[in-house]
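The primary structure of each chain is shown beneath.
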Amino acid sequence: MTVYGYIRVSTDQQADAGHSLQAQTATLQSYCNERGLPAPELVIDAAVSASKPLWSRPAGQRLKVEKDKPSELQRGDTVIACKLDRLFRSVLDCASTIDAWRKHGIDLHLLDLRLDTSTATGQMVLSVLSAMGEMERSLVSERNRGIAAHLKAAGKVRGHVPYGYRRDGSDLVPDPAKQEVLQRLRRWQVDGVRPAVMARRLNEEGIPGPKGPTWYRATVSVVLAQV
């Protein structure tokens, strides 16, 4: 049996300073000693955001298992992590990963919760806690969108400047040329013109896109969604 100790820090500063890395490493090693488990083989994602699913992270890919495909993880192996949010970004990420591990005979231990997913109780509690964490992230995101909408309505800017405007300090100032493009896009949208056709028309006229010289179908869709 191999024990994989997963470690993640979210910023370059944490990765460079090493304090969080060292703390997680020490905690994982201590846990294995207490439980009589083999010394953990460390899987480290440094400066990686929790917004990425586990299996899409540079080191997290090592823990991926798929039906009829070779995997580093083998039946009887165990994955351990210090905290739930070190591993997963959402309920879907958590549930799908644990289900795949369970089918391949791989257990998960979360040290902060003292949970062992080899038990039915551990699986149930983990699902509930993961759902609560996702709800909290959704509420934060909802609040941020509300603040951004309020600032936009007040003619203020926070972060991204929507197409058709430019930044003047903290104020949003209409850009006449881009406002004209916006009006054309809206008219085309009412007329039922497809975004791909809109993009082609703008490119044929040599009108630059929001983030480069070229318009794409997706670019048009994003611009229309924010107006």
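Conventions we followed
Residues numbered from 1 in each chain as written. Predicted model: local features only at pLDDT ≥ 70, side-chain atom pairs only at ≥ 80, totals over all residues. Heavy atoms only, no water. Salt bridge = Lys/Arg side-chain N within 4 Å of Asp/Glu carboxyl O. Buried < 20%, exposed > 50% of the residue type's maximum accessible area, 1.4 Å probe, protein only. Core = buried A, V, L, I, M, F, W, Y, C linked by side-chain atoms within 4.5 Å. Helix = DSSP H or I, 4+ residues; strand = E, 2+ residues; numbered from the N terminus. Contact = heavy atoms within 4.5 Å. Pairing = 2+ DSSP bridges. Axes fitted to C-alpha atoms, helices over the stretch in contact; angles between N-to-C directions. Left-handed = near helix turned anticlockwise from the far one by under 90°. Nonpolar A, V, L, I, M, F, W, Y, C, P; charged D, E, K, R; others polar. Parallel < 35°, antiparallel > 145°, perpendicular 65-115°, else oblique. Polar contact = N/O pair within 3.5 Å; in protein donor to acceptor, adjacent residues only side chain to side chain.

*Asks:* Would you mind going over the pattern of salt bridges with me for this structure?
*Replies:* Once their charged atoms are close, side chains differing in charge can pair, the charge on each being opposite to the other. The final tally for this structure, using the stated rule, is ten salt bridges. A salt bridge links lysine 64 to glutamate 66; the shortest N-O distance between them is 3.7 Å. Owing to a relative accessible area of 33%, lysine 64 belongs among the partly exposed residues under this scheme. You can call glutamate 66 partly exposed: its relative accessible area is 32%. With a shortest N-O distance of 3.4 Å, arginine 86 and aspartate 85 are connected by a salt bridge. A residue is classified by how much of its surface remains accessible, and arginine 86, at 18% relative accessible area, is buried. Judged by relative accessible area, aspartate 85 falls into the partly exposed class, the value being 37%. In this structure, a network of salt bridges that share partners links the residues Glu41, Arg62 and Glu72.

*Asks:* Got a minute to help me understand the nonpolar core in this structure?
*Replies:* Looking at soluble globular proteins, one finds that nonpolar side chains tend to be buried together. Leu63, Leu73, Leu87, Phe88, Trp101 and Leu108 are the most contacted members of the largest nonpolar core, which has 20 residues in total. Among the elements of the structure, β1 (3–8), β3 (78–81), α3 (84–87), α4 (91–103) and β4 (107–110) are those that each provide at least two residues to this core. At four residues, the largest contribution of residues to this core is made by α4. Non-local contacts of leucine 87, meaning those with residues more than four positions away in its chain, are made with Tyr6, Leu54, Arg57, Ala81, Asp93, Leu108 and Leu110. In this structure, Tyr163, Val181, Val193 and Ala199 belong to the second largest nonpolar core, which totals 15 residues.

*Asks:* Whenever I open this one, the sheet that holds strand β2 (residues 41–45) confuses me. Can you help?
*Replies:* Either a parallel or an antiparallel arrangement is found when strands of a sheet pair, and the pairing is made through backbone hydrogen bonds. If you trace the five strands from one edge of the open sheet to the other, you get β2-β1-β3-β4-β5, paired in mixed fashion. Two strands close off the open sheet at either side, each with one partner strand: β2 and β5 (115–116). Pairing of β3 with β4 involves four bridges; the strand directions are parallel. Paired with valine 79 across the bridge in β4 is leucine 108.

*Asks:* For this particular structure, what's the right way to read helix α7 (residues 195–204)?
*Replies:* Looking at α7, one finds that the buried residues are Val197, Met198, Ala199 and Leu202. Elements that come into contact with the buried residues of α7 comprise α6 (176–190) and α8 (217–225). Of the residues trailing α7, glycine 206 is marked for its positive phi of about 75°.

*Asks:* Would you take a moment to explain the packing of α6 against α7 for this structure?
*Replies:* Two numbers describe a pair of packed helices, the interaxial angle and the distance between the axes. Running from N to C, α6 and α7 point in directions that differ by 145°, and their axes come no closer than 11 Å. In the crossing of α6 with α7, the sense of the turn from one axis to the other is right-handed. In this structure, α6 uses Val181, Leu185, Trp188 and Gln189 to contact α7, whose residues at the interface are Met198, Arg201 and Leu202. Its residues placed into classes, the contact of α6 with α7 shows five nonpolar, one polar and one charged.

*Asks:* Teacher, can you tell me more about the packing of α6 against α8 here?
*Replies:* Running from amino to carboxyl end, α6 crosses α8 at an angle of 95°, the nearest separation of the two axes being 11 Å. In terms of orientation, α6 lies roughly perpendicular with respect to α8. Every residue of α8 that contacts α6 at Leu182, Leu185, Arg186 and Gln189 is listed here: Val220, Val223 and Leu224. A class-by-class count of the residues in the contact of α6 with α8 yields five nonpolar, one polar and one charged.

*Asks:* Could you clarify how one ought to interpret the pairing of β1 in this entry?
*Replies:* Residues in a regular strand point their side chains to alternate faces of the sheet. Counted residue by residue, β1 has six buried out of six residues, so it is predominantly covered. On β1, burial covers both faces: Val3, Gly5 and Ile7 on one face and Tyr4, Tyr6 and Arg8 on the other are all buried. The pairing of β1 with β2 spans five bridges and is parallel. Each bridged residue has a counterpart across the sheet, and for isoleucine 7 the counterpart in β2 is isoleucine 44.

*Asks:* Explain the side chain of threonine 25 to me, please; I cannot follow it from the model alone.
*Replies:* Structurally, the position occupied by threonine 25 is in helix α2 (residues 19–35). Engagement of the side chain of threonine 25 in a polar contact is seen with the backbone oxygen of leucine 21, the distance being 2.8 Å. Beyond its immediate chain neighbours, meaning those up to four positions away, threonine 25 contacts Ile7 and Leu42.

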